[in-house]
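A look at the structure
Single-letter residue listing:
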Amino acid sequence: MNGIEPVRFATCAGMASVGQTERSVRVWAADDLRQMMEIPVRREVFSVAQAGDHLVFGLDNGGVMAVRLVEGGGRR
Amino acid sequence: MHGAVGEALGYGWMRLDNLVSRYPVKAGFSGSAVWSPVYQAVIGMVSQAHTATGDARALSVRAIDRLLPDQELHHLIDWSLEAADETSLTSWGWSLDTDPEAGRHWHPRARGVGTAAERGFRFRGRAAALREITQWITAVSPHRQALVVTGAPGSGKSAVLGRIITTADREIAAELPPGDTAIRAPLGAISCAVHAKGKTALEVAQEIARAASAAMPKQVIDLLPSLRASLEARPDRTFTLVVDALDEAGTTDEARAIIHHIMVPLAETCADLRVRVMVGTRRRDDAGDLLGAFGRTARIVDLDAPAFTSVADLTAYALSTLQLQGDERAGNPYADDDVARPVAERIAALADGNYLVAGLVARAHGMHDATAVDPCRMSFPVTVDSSLREYLRLLPDIGLLSAEKLLTPLAYAEAPGLSIGLWRTALTALFSTAPAESELFGFARSSAANFLVETTSAEDVDGVTFRLFHQALSDSLRTVRADVALSVSDERELARAYIVVGAQTGWAAAPAYLLRSLGVHAGRGGVIDELLAEDEYPLYADLRRLVPQARLAVTDKGRQRARLLRHTPRALDAPAAERAALFSVTEVQEDLGTTYRASEIAAPYRAVWSTVAPSTEVAVLEGHRKQVAALCSLRSGGRELLASVGDDGIRLWDPGTGDTVRTFTKPSGWIGALCAVTMGGRTCLAGAGQDGDLRIWDPETGAPVRTLRGRDQPIDQLCAFYVEGRALLASRGRGRRVTVWDPDSGAAVRSFRARTHAIEGMGAVEAEGRTLLALLTRHEEGRCKVRLWDPITGDTVRAFFTYDSPDHLAVLHCEGGPLLATSESIGDHDPIVLWDLTGREVQVLEGGEGTLFELVGVRFGDRTLLAAGYGDDESGTAVLWDPAAGREIRRLEGHDGWVGALCTVESAEGTLMASAGADCTVRLWDLDTCAEPDQLGEPGAWIGSLAALEVHGRIAVASSGMAGKVEVHDVADGTLLGRIDLPHASVTSLCTVEISDRECLAIASGDREEGAIQIWDPSTGGVIRCLTGPRIDTLCTADIDGRPSLAFATREEKTNRVSVWDLPTDEVIQSISSEEGLIRELCALDVGGRHLIAVLTGHFGIWPGEFSGGVVSLWHPTSGEMVDSLASPTPSSALYASSTPRTGPSWLSQAITRRTRTIWSVQVRCGSSIQLTAAGLTYRIFTMDG
């Protein structure tokens, strides 16, 4: 695991955790840590940040990837 | 709809996992019954639909009884199988009248007709075979063998077994016509009959268990103990099992699993329980010999052998067919036995033992002749082709289409066949016309055609489907068709027509046949590009069938789509919405267009842009959660598979699709070596490691086959080789011993033990006309010796000393003779020395970068290459050299950690290089298409910090990936908005800070000694503030009495303190000084309006990135006063922390441990004082396999 980041989409608060060996980003509900979503990134993930309704991932080899959560939502 | 009972949810609730994505559970299904085909009972009631996934929740019958006591359901659930008496248990088992295959398969085959709809009892023959079988059944002492009924297509295997099964049934036997005097099975002689067509080994095992009232097996290997337990309780009963159409089991792997784990073990070990086993099968299937898989357990009844071929039998069959017995035709000239018999005898003589040919010829005469044919003038070639052609010629046309044309689409059809609609589509495609549905249906059900056409159940997803009942008929019709049209042309027209149907219907609602088999038609027809151009098809298609066909694409778009599919193995089992999301990720990373990232298809998320460079691998196989220690390729079920082992288990992969074919558990302790080994003529997988034992598994099931107890632990290497045709296995352990094993007997044949030092390497080599083992042994003063050792005699044939102290040895089977390669592990560019077997240095190759983890010789076609795996914890490389040319030819970059396992594997793409190691992935490379070493660019750094900010009204993200620079991208489309130059190469942390109501970006950068914080104003694009000093490792925004500030710290003992830069005053406050360890992370926290700094402290370990301990503490930023602290419950872990002040004070931070992958939640209680408490739970993060 390389990091976690609080996230908020629409009315849903949670956090995103990024994994190195599992090469995925997981989004967890803040209240009970239930997994809400898994985003397989296909690469090692070192950091995550929310920017608008996007999650942005810091990858290896200087790579950045952005995904948009389809539900849409709030916090930047 | 079909699904599976998933997790128990408590209070009588259970989750229902919808396995058929086309039919999700929707609102309105509440109250529907949950039917278990295993228990043949209603087990619950659907209560809630999960609209997003199509899954549902259901209540068990017991729970419903609690909620609705008036219904008195307890009367149903109070009863259990254990309470049933013997009579009930018997009825619980198998019976022909309740077997769904009875009407489809057993009855028509036994009667010698094509389908259940056709009347009559025409099977008369095979007296010798029937006699043999009935004697087998009635033998007092069951043999420890399986009776295997085999023969050519059309020889009547199913007819013979069907005759046995049906005549053993009391009701059927009573219905047999009086004239039927052929041999019958004893009444009640058959305990279980399984038609294996299309089934898995587990399904077959479950049918057998159900018939024996045994516990239902969850795995195939559970059947044997379960069956024994059941039969031991009833020792007075025999259990006679018949399995037919073994060669048509779901896959060739499944067919072999049925043999190895059901048929053979039952025959060999359950004879004492009066178990008898019979099998009907062709001799071979697509994967090769099937009879050989039975080994000595098979007792063969070969219907083509003279002993079982009787002209009298065939004559009887031809006679009954001529007379259309059971479905007699008025005016049939063969109604008179005296007339019919000479004709039947002539047919039997000409058919040369083939029942299918005899049936076609006799039936054609019986149906159409107005006067009896003169047998002396009868002449026909003994082929299914000619017989079928003649048979069809006599059938009436429908409109413009002859019977031959009407049936041609079925000859091209894949299992389970075509619906009436697709049949018509296919007819139009091939012949530009098709009869009305009702006409075609009537034709299929007509007496003449239904001899040839098999109808599947209406319960099939596509409704009633049709196909030719015998593969020989399909082969024949296609041969006939080849006279007027090329097969590839037909397949092209069919594929195009089917694509139109799918596109018009919408792929989400397309017939299941198209989703399953259209890829195969398109591949055969050379129009796979046209199918791949259908953007939605891959969302719904059976990707396991589509991916191998996609490699045939020739257009740029087709190849792009094929690459997309190949690089998204996770999509194989994903529903459509998730596939769309997964494809979008692959699309942005591999630069494969914009179809799925821009589409309107529903998806939980969608990748929109990426800056990563496309990968050079053919595929990256994900699934292991621990580093991969070993790889090997092996043939199983007629195809090449790739085996890998990590601390989390063993995986078998299909290199053609990237699919995990099977996973199986390994023993406790690590496995460091794998290899394929031949046992009893079968390829098995051998593995060894920490405990010194060699374990051999069956790759078709994952079941352990044998354990060889080793005396040397741990074992680092295995090597399989042959000596004079005998398969042997060598193990190399750290106890200075090499042991040679006979895997068939399990015996240790010979061993070699070094006197004082380790054996560093081993490989089999052919020299002087025999197989030797090359051993690399270490000696005094670090010198190493290569020893050529005879594994049979134990003699050392030759030995020579190497230079330096190599600890890796590889054998290269070069055209000019074998070579040995040696190298040391440690030190960049350590040379690799190639030796011939006399000890002469042949070549020196410049080594790769980093530590050497693996050195191995590999074959690519007719070339032998040397492959080596290098790396460290951060990155890994595989390097390949051509020993003949003495130069490096490929450098495979991409692993995120050392490469410790290499091998080659065959796939549809040709020979691929497989590599694996620290990053838990297995990667496949095509040496012909991956980049040359000098084409590779400089890789960037990993991005450890990101920050979101607003730039000219656009939401942007700043990232730290490039040396000495921060890049700012528009988050909506990835446009580069700015590039900020930094005073130091390494960017350690990013965050945003508000200055004068403007959101700015704070950037910490540094080198070993010095550091700087720069503040970049996006409105001007310039750096407006800068603070220099010692190195800064972590940075966060803070608030000091409403003034914007930055808190920062260095992870270093001398300056283990949090400082705060008060931006309005430009003052730096030496604030927090922790004595709990080194400061790891910082974050700001708003607790009830009080602005605090949360600090995570601990101790760094000896390994890169390792961080042990972990205390979370809360501090006042200016006073440096600690409010509270709490130690992590997992003290030996690396920790990361974060918090969200905007969500309120109810929770502070989570910590993620590196090793156990848990999230630790810390809660902030805000009352009269602020306290930290563990949230009470440690949550495990489940990795991708759950």
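Residues numbered from 1 in each chain as written. Chains lettered and ligands numbered in written order. Predicted model: local features only at pLDDT ≥ 70, side-chain atom pairs only at ≥ 80, totals over all residues. Heavy atoms only, no water.

**Some points on the overall build of chain A**
Stated formally: Here a helix means four or more residues in a row that DSSP labels H or I, a strand means two or more in a row labelled E, and each is numbered from the N terminus. The buried label applies to any residue whose accessible area, calculated with a 1.4 Å probe on protein chains only, is under 20% of its type's maximum; exposed applies above 50%, and partly exposed to all values in between. In what follows, a contact means two residues having at least one pair of non-hydrogen atoms within 4.5 Å.
Check the secondary structure of chain A and you find zero helices and seven strands. Looking at chain A residue by residue over its 76 residues, the buried ones come to 71%. A separation of at least 24 residues holds for 29% of the contacts in chain A among residues at least 6 apart in sequence.

**Section: the side chain of T315 of chain B**
Residues and elements named next belong to chain B. Selection criterion: Each polar contact in these results corresponds to two N or O atoms within 3.5 Å; when the atoms are within protein, one needs to be able to donate a hydrogen and the other to accept it, and residues that are neighboring in sequence are counted only if both atoms are side-chain atoms.
Relative to the assigned elements, T315 resides in helix α11 (residues 311-322). On the basis of relative accessibility, which here comes to 6%, the residue T315 falls in the buried class. Within the structure, T315 has its side chain in polar contact with the backbone oxygen of V311 (distance 2.6 Å). Not counting chain neighbours up to four residues away, the residues in contact with T315 comprise R341, A344, E345 and A348.

**Some words on helix α8 (residues 201-211) of chain B**
Residue pairs spaced three or four apart in an α-helix point in one direction, given the helix's 3.6 residues per turn. Residues and elements named next belong to chain B. All buried positions along α8 are accounted for by A201, V204, A205, Q206, I208, A209 and A211. Where α8 is buried, its residues touch β7 (192-195), α9 (223-232), β8 (239-244) and α10 (252-269). Note on α8: the residue one or two positions beyond its end, S213, has a positive phi of about 55°.

**Side note on the pairing of strand β25 (residues 704-708) of chain B**
Residues and elements named next belong to chain B. Using the following cut-off: If DSSP finds at least two bridges between two strands, the strands pair.
With four bridges joining them, strand β24 (residues 694-697) and β25 adopt antiparallel strand pairing. Of the residues in β25, the one forming a bridge with I696 is R706. The hairpin turn running from β24 into β25, its antiparallel successor, is six residues long, and G702 in that turn takes a positive phi close to 80°.

**Some details on the sheet that holds strand β31 (residues 770-778) of chain B**
All names here are of chain B. Rules: The axes used here are C-alpha line fits, helices contributing only the stretch in contact, and every angle between their N-to-C directions lies in the interval 0 to 180 degrees.
The antiparallel open sheet is built from four strands, whose spatial order is β30-β31-β32-β33. Because the sheet does not close on itself, it has two edges, and the strands there are β30 (759-767) and β33 (796-801). This sheet shows a mean twist of 20° between the axes of neighbouring strands, independent of strand direction.

**Focus on the pattern of salt bridges**
Residue and element names in this part refer to chain B. What counts is decided by this rule: For this document, the term salt bridge refers to a Lys or Arg side-chain nitrogen within 4 Å of an Asp or Glu carboxyl oxygen.
Applying the stated criterion to the full structure yields 54 salt bridges over all chains. A salt bridge links D542 to R545; its shortest N-O distance comes to 3.3 Å. Exposure remark for D542: the relative accessible area of 27% places this residue in the partly exposed category. Residue R545 is classed as partly exposed on the basis of its relative accessible area of 33%. In this structure, R1031 and D1033 form a salt bridge, with 2.8 Å as the shortest nitrogen-oxygen distance. Its relative accessible area of 25% is what places R1031 among the partly exposed residues.

**Points about the packing of helix α24 (residues 556-566) of chain B against helix α25 (residues 576-590) of chain B**
All names here are of chain B. Keep this limit in mind: The sense of a crossing depends on the near helix, which, turned anticlockwise from the far helix by less than a right angle, makes the crossing left-handed and, turned clockwise, makes it right-handed. Throughout this entry, Asp, Glu, Lys and Arg are counted as charged residues, while Ala, Val, Leu, Ile, Met, Phe, Trp, Tyr, Cys and Pro are counted as nonpolar. The remaining residues, Gly among them, count as polar.
Their axes nearest at 9 Å, the elements α24 and α25 cross at an angle of 115°. Like other packed secondary-structure pairs, α24 and α25 cross with a definite hand, here right-handed. Only F583, T586, E587 and E590 of α25 make contact with α24, whose side of the interface consists of R563, L564 and L565. Along the lines of polarity and charge, the residues of the contact of α24 with α25 split into three nonpolar, one polar and three charged.

**A closer look at a negative patch on the surface**
Applied cut-off: Like-charged residues within 9 Å of one another, or nonpolar side chains (Val, Leu, Ile, Met, Phe, Trp, Tyr) within 5 Å, are grouped into patches, provided each residue has over 30% relative accessible area and no salt bridge. Methods summary: accessible areas were calculated by the Shrake-Rupley approach with a probe of 1.4 Å, and residue burial reflects only the protein chains presented. Positive: Lys, Arg. Negative: Asp, Glu. His and the chain ends are not part of the count. Throughout, a charge is located at the NZ atom of Lys, the CZ atom of Arg, the CG atom of Asp or the CD atom of Glu.
A surface patch of like charges, here negative, comprises D1007, E1009, E1010 and E1052 of chain B. Here E1052 of chain B falls in the partly exposed class, since its relative accessible area comes to 34%.

**Examining the nonpolar core**
Short version of the rule: Definition used in this section: a nonpolar core is a set of buried Ala, Val, Leu, Ile, Met, Phe, Trp, Tyr and Cys residues joined via side-chain atoms within 4.5 Å. Where each domain begins and ends is defined by an automated method or by a domain database.
Core analysis: the largest hydrophobic core is formed by 122 residues, its most contacted members being F57 of chain A together with W423 and L452 of chain B. Looking at this core, the element that brings in the most residues is helix α13 (residues 355-368) of chain B, giving nine residues. Composition of this core by domain shows at least three residues from each of domain 3 (311-382) and domain 4 (403-598) of chain B. Beyond its immediate stretch of four places on either side in the chain, W423 of chain B contacts L406, L407, P409, L410, L418, L440, F443, A444 and F466 of chain B.

**Considering the packing of aromatic side chains**
Residues and elements named next belong to chain B. Stated precisely, the cut-off is as follows: Any pair of Phe, Tyr and Trp rings, taking the six-membered ring for Trp, is counted once the centres come within 6.5 Å. Such a pair is stacked with planes under 30 degrees apart, edge-to-face with planes over 60 apart, and tilted for the rest. Counted as over-ring charges are cases with an Arg CZ or a Lys NZ within 6 Å of the ring centre that also lie within 35 degrees of the ring normal.
Tallied over the full model, the rule gives 12 aromatic pairs over all chains. Between Y803 and W835, the ring centres sit 5.0 Å apart and the planes meet at 50°, which makes this aromatic pair tilted. Pair noted here: Y803 is in the loop between β33 and β34 (808-814) and W835 is in strand β36 (residues 832-835), with a separation of 32 residues, a long-range link. Aromatic ring contacts, followed pair by pair, group W423, F441 and F466 into a single cluster. One residue, R783, lies across the ring of F801, its end atom 4.0 Å from the ring centre.

**Observations concerning unusual backbone geometry**
Residues and elements named next belong to chain B. Backbone geometry at A245 places phi at a positive 60°, although glycine is not the residue there. Relative to the helices and strands, A245 resides in the loop between β8 and α10. The exposure class of A245 is buried, given its relative accessible area of 3%. Residue E724 is not a glycine yet carries a positive backbone phi of 50°.

**Points about the environment of P548 of chain B**
Residues and elements named next belong to chain B. Along the chain, P548 falls in helix α23 (residues 543-550). Here P548 falls in the partly exposed class, since its relative accessible area comes to 28%. On a C-alpha basis, the gap between P548 and G523 in space is 9.0 Å, while along the polypeptide they are 25 residues apart. Apart from the residues lying within four places of it in its own chain, the contact partners of P548 are L543 and T657.

**Some words on the confidence of the model for chain A**
What counts is decided by this rule: Each residue carries a pLDDT score, the predictor's confidence in it, ranging from 0 to 100.
Counting all residues, the mean pLDDT for chain A is 79, and 82% of those residues have values of 70 or more. For chain A, the element scoring lowest by mean pLDDT is strand β1 (residues 3-9) of chain A, at 77; strand β7 (residues 64-69) of chain A scores highest, at 94.

**Thoughts on the environment of T53 of chain B**
Examined against the element boundaries, T53 of chain B turns out to sit in the loop between β4 (41-49) and β5 (56-60). Note on T53 of chain B: relative accessible area 46%, which makes it partly exposed.

**Considering the sheet that holds strand β51 (residues 1010-1017) of chain B**
Residues and elements named next belong to chain B. Sheet architecture is open: four strands sit in the order β49-β50-β51-β52, paired in antiparallel fashion. A strand with exactly one partner marks an edge of an open sheet, and here the two such strands are β49 (986-995) and β52 (1022-1030). Sheet twist, expressed as the mean angle between neighbouring strand axes with direction ignored, is 20°. The sheet contact formed by β51 and β52 spans eight bridges and is antiparallel.

**Details of the confidence of the model for chain B**
Segments scoring low in pLDDT should not have their predicted coordinates read at a detailed level. All names here are of chain B. Overall, the predicted model of chain B reaches an average pLDDT of 83, with 86% of residues at or above 70. A low-confidence stretch, residues 1139-1149 (pLDDT under 50), is modelled with 41 contacts involving residues beyond four sequence positions or located in other chains. Across residues 1151-1157, confidence stays below pLDDT 50; counting only partners more than four residues off in sequence or on other chains, it has 36 contacts.

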